[in-house]
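In case you want the letters, here they are:
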Amino acid sequence: GDLAVLGDNLVKTIETYKKRYLRHNITFAFEDAKKSGIDGLRAYQSLINSKKSDVLIGGTVSNGTLAAADTINRSKTPMITP
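Residues numbered from 1 in each chain as written. Predicted model: local features only at pLDDT ≥ 70, side-chain atom pairs only at ≥ 80, totals over all residues. Heavy atoms only, no water.

Draft legend 1. Seen up close, the nonpolar core. Within the largest apolar cluster, seven residues are counted, these being Leu 41, Tyr 44, Leu 47, Ile 48, Leu 56, Ala 68 and Ile 72. Going through the elements one at a time, helix H2 (37–50) and helix H3 (62–75) are the ones with two or more residues in this core. Ignoring anything within four residues of it in the chain, the contact list for Ala 68 reads Leu 41 and Tyr 44. (Core = buried A, V, L, I, M, F, W, Y, C linked by side-chain atoms within 4.5 Å. Buried < 20%, exposed > 50% of the residue type's maximum accessible area, 1.4 Å probe, protein only. Helix = DSSP H or I, 4+ residues; strand = E, 2+ residues; numbered from the N terminus. Contact = heavy atoms within 4.5 Å.)

Draft legend 2. Representation of the pattern of salt bridges within the structure. Under the defined criterion, the tally for this structure stands at five salt bridges. Of the charged contacts in the structure, one is a salt bridge between Glu 15 and Lys 18, with a shortest N-O distance of 3.8 Å. Here Glu 15 and its partner Lys 18 are both found in helix H1 (residues 4–20), three residues apart, which amounts to about one turn of the helix. Residue Lys 18 is classed as partly exposed on the basis of its relative accessible area, which comes to 34%. (Salt bridge = Lys/Arg side-chain N within 4 Å of Asp/Glu carboxyl O.)

Draft legend 3. Structural detail: the layout of surface pockets. Approximately 720 Å³ is the volume attributed to the largest pocket. The wall of the largest pocket is formed by 31 residues, among which Ala 29, Phe 30, Glu 31, Leu 47 and Ile 57 lie closest to the centre. Those elements giving two or more residues to the lining of the largest pocket turn out to be H1, H2 and strand S1 (56–57). In terms of residue count, the dominant contributor to the lining of the largest pocket is H1 (seven residues). The residue makeup of the lining of the largest pocket, split by class, is 17 nonpolar, seven polar and seven charged. (1 Å grid on protein atoms, 1.4 Å probe; cavity = no way out; pocket = protein on both sides within 12 Å on 5 of 7 lines; lining within 4 Å. Points joined across faces, edges and corners; volume = space filled by probe spheres on them. Nonpolar A, V, L, I, M, F, W, Y, C, P; charged D, E, K, R; others polar.)

Draft legend 4. Inspection of H2 at higher detail. For H2, which comprises 14 residues, the first-to-last C-alpha distance of 19 Å matches the rise-based estimate of 20 Å (1.5 Å per residue) to within 8%. Residues of H2 that are buried make contact with S1, H3 and strand S2 (79–80). (Expected span 1.5 Å × (residues − 1).)

Draft legend 5. Expanded view of the side chain of Thr 71. Along the chain, the position of Thr 71 falls in helix H3. Given the relative accessible area of 12%, Thr 71 is considered buried.

Draft legend 6. Layout of H3. If you check H3, its first and last C-alpha atoms are 19 Å apart, about what 14 residues at 1.5 Å a residue would give, namely 20 Å. If you look at H3, its biggest bend is around 50°, right at Ala 69. Residues of H3 that are buried: Gly 64, Ala 68, Thr 71 and Ile 72. Contact partners of the buried residues in H3: H2, S1 and S2. Backbone geometry just after H3 places Lys 76 at a positive phi near 60°. (Bend = angle between axes of the 7 residues up to and from the residue.)

Any functional reading would require information that these geometric values do not contain.
Listed below in structure tokens is the structure:
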């Protein structure tokens with residue numbers, strides 16, 4: 001989306017981690033939260049409900065994070081926001 005640069009740094013970091021340090025069977029999933037609250041909510045809903053993510057790393061704008069806060073809290077999915 002318009003602010004993919006925010007998540008691009010996280011994707012590059014995870015790819016480096018996978019290549020050099022990953023020793024466990026961990027699967028990483030990515031969603032584009034774009035810029036609006038509704039797009040951010042959809043991205044988090046997909047990660048929580050469809051992809052069954054155990055942990056979220058939210059490299060998004062505040063709009064998406066705030067829109068999804070209730071969903072994230074109800075799911076009890078830990079979230080790290082760099």
